[in-house]
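Fold and contact review
Chain by chain, the residues:
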Amino acid sequence: MNKIMNFIEINSGREVVYNFLSRSLIDCPDKQYLKMFEELCTYLVEIGNNKNVDHIKVKKIFLNLKREINTNIDKNNIIIRLSKEYTNLFCLGSYSIAPYESVYLSVSRILKQKPWEEVSRVFNENKFFTKKNANLPEDHIAHELLFMSFLSYKAKEASKKSDIDELEVIYYKQISFLEKHLFRWTGDLCNDILRKILYGDSFYAGIASFIKGYLDMDYGFLKKVVV
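Residues numbered from 1 in each chain as written. Predicted model: local features only at pLDDT ≥ 70, side-chain atom pairs only at ≥ 80, totals over all residues. Heavy atoms only, no water.

1. A few points about the overall build of the protein
Regarding its fold elements, the protein presents 9 helices and 0 strands. The secondary structure elements of the protein, listed N-terminal to C-terminal, are α-α-α-α-α-α-α-α-α. The C-alpha extent of the protein, read off along each of the three principal axes, is 50 × 45 × 30 Å. Buried residues in the protein amount to 48% of all 227 residues. A total accessible area of about 11,900 Å² is found for the protein, and carbon and sulfur atoms account for 52% of it. Between the centroid of the 33 positive side chains of the protein and the centroid of its 29 negative side chains there is a distance of 2 Å. (Helix = DSSP H or I, 4+ residues; strand = E, 2+ residues; numbered from the N terminus. Buried < 20%, exposed > 50% of the residue type's maximum accessible area, 1.4 Å probe, protein only. Areas by Shrake-Rupley, 256 points an atom, 1.4 Å probe, with all protein chains shown as cover. Lys, Arg positive; Asp, Glu negative; His and termini not counted. Charge placed at Lys NZ, Arg CZ, Asp CG, Glu CD.)

Printed below as a string of structure tokens:
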């Protein structure tokens, strides 16, 4: 019984973290996003403590932003600053980073190539449909992270029903998606974000570093429980 309860809690946390990371990269932040971050910050700092990420740097960046949010009644200045960082990274045309798997993995390095076709097929097979910013191709990093959140939700529900067979199927799907998609390009994407950022304590430097570490950590968890 305790083991099942642990899986419910673990998968609930995985769902929330992947959803947060997806929201971090889908668009500029707003007040709702700042609230989400503030509520999750302590948890993110705790789970981010692993050998695959510069945890000291991530902890400092995240806690600094949380303090700033807590000490400022008017959050608009924070939103404006973070929006400028986001825009500089992803919204300046040829000078920005294109966070799409096709751009990173296809020979032509343009949108909607074979990786996009493969990701779209996986999404359709699992009845996962993008909603917000639906004009963005399926292989946008935020959609791929949200897909992992979606599967983590499914894993949570399977845990609640004590359906171990279904839980294993979902975990193998997540392992496959990490191996065939996210791991093949997100390391380069995060490194590009870190190189483009002008200041080492930028919030998005923390997000990029956290993603690299969290994907490795989550993959280790999945491999451990299905073997």
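Read on, since the account is not over.
2. Some details on the pattern of salt bridges
Pairs may arise between side chains of opposite charge once their charged atoms sit close together. Counting across every chain of the model gives 8 salt bridges. A salt bridge links Glu68 to Arg81, with the nearest nitrogen and oxygen atoms 2.7 Å apart. Here Arg81 lies in helix α4 (residues 76-90) and Glu68 lies in helix α3 (residues 55-71), a separation of 13 residues in the sequence. Since its relative accessible area comes to 26%, Glu68 is described here as partly exposed. Notably, a salt bridge pairs Glu157 with Lys160, separated by 3.4 Å at the nearest N-O pair. (Salt bridge = Lys/Arg side-chain N within 4 Å of Asp/Glu carboxyl O.)

3. Looking at the environment of Phe90
Residue placement: Phe90 occurs in helix α4. Along the backbone, Phe90 and Leu25 are 65 residues apart, and their C-alpha atoms lie at a distance of 9.0 Å. Not counting residues within four places of it along the chain, the set of residues in contact with Phe90 comprises Leu25, Ser96, Ile97, Pro99 and Ile193. (Contact = heavy atoms within 4.5 Å.)

4. Brief notes about the packing of aromatic side chains
All chains considered together, the criterion is met by 23 aromatic pairs. Ring geometry for Phe7 and Tyr171: centres 6.4 Å apart, planes at 50°, overall tilted. Of this pair, Phe7 sits in helix α1 (residues 2-26) while Tyr171 sits in helix α8 (residues 164-196), and the two are 164 residues apart along the sequence. By way of ring pairs, the aromatic residues Tyr18, Phe20, Tyr33, Phe37, Phe62, Tyr86, Phe90, Phe203, Tyr204, Phe210 and Tyr214 are connected into one cluster. Of note, Arg109 hangs over the ring of Tyr104, and the distance from its end group to the ring centre comes to 5.8 Å. (Phe/Tyr/Trp six-rings, centres within 6.5 Å; stacked < 30°, edge-to-face > 60°. Lys NZ or Arg CZ within 6 Å of the ring centre and 35° of its normal.)

5. Observations regarding unusual backbone geometry
A positive phi angle, close to 55°, is found at Arg109, a residue other than glycine. One can find Arg109 in the loop between α5 (101-105) and α6 (114-125). Positive phi, close to 55°, is recorded for Lys127, a residue that is not glycine. Mapped onto the fold, Lys127 is located in the loop between α6 and α7 (141-160). Assessed through its relative accessible area of 64%, Lys127 is described here as exposed.

6. Details of helix α2 (residues 31-47)
Residues three or four positions apart in an α-helix share a direction because the helix packs 3.6 residues into each turn. With 17 residues, α2 ought to run about 24 Å at 1.5 Å a step, and its terminal C-alpha atoms sit 24 Å apart, in line with that. Along α2, the sharpest kink reaches roughly 50°, centred on Leu40. Restricting attention to buried positions, one finds in α2 the residues Tyr33, Leu34, Phe37, Leu40, Cys41, Leu44, Val45 and Ile47. Of the residues that open α2, the one with a side-chain oxygen 3.3 Å from the backbone nitrogen of Gln32 is Asp30. (Expected span 1.5 Å × (residues − 1). Bend = angle between axes of the 7 residues up to and from the residue. Polar contact = N/O pair within 3.5 Å; in protein donor to acceptor, adjacent residues only side chain to side chain.)

Keep in mind these numbers describe shape, not what the thing actually does.
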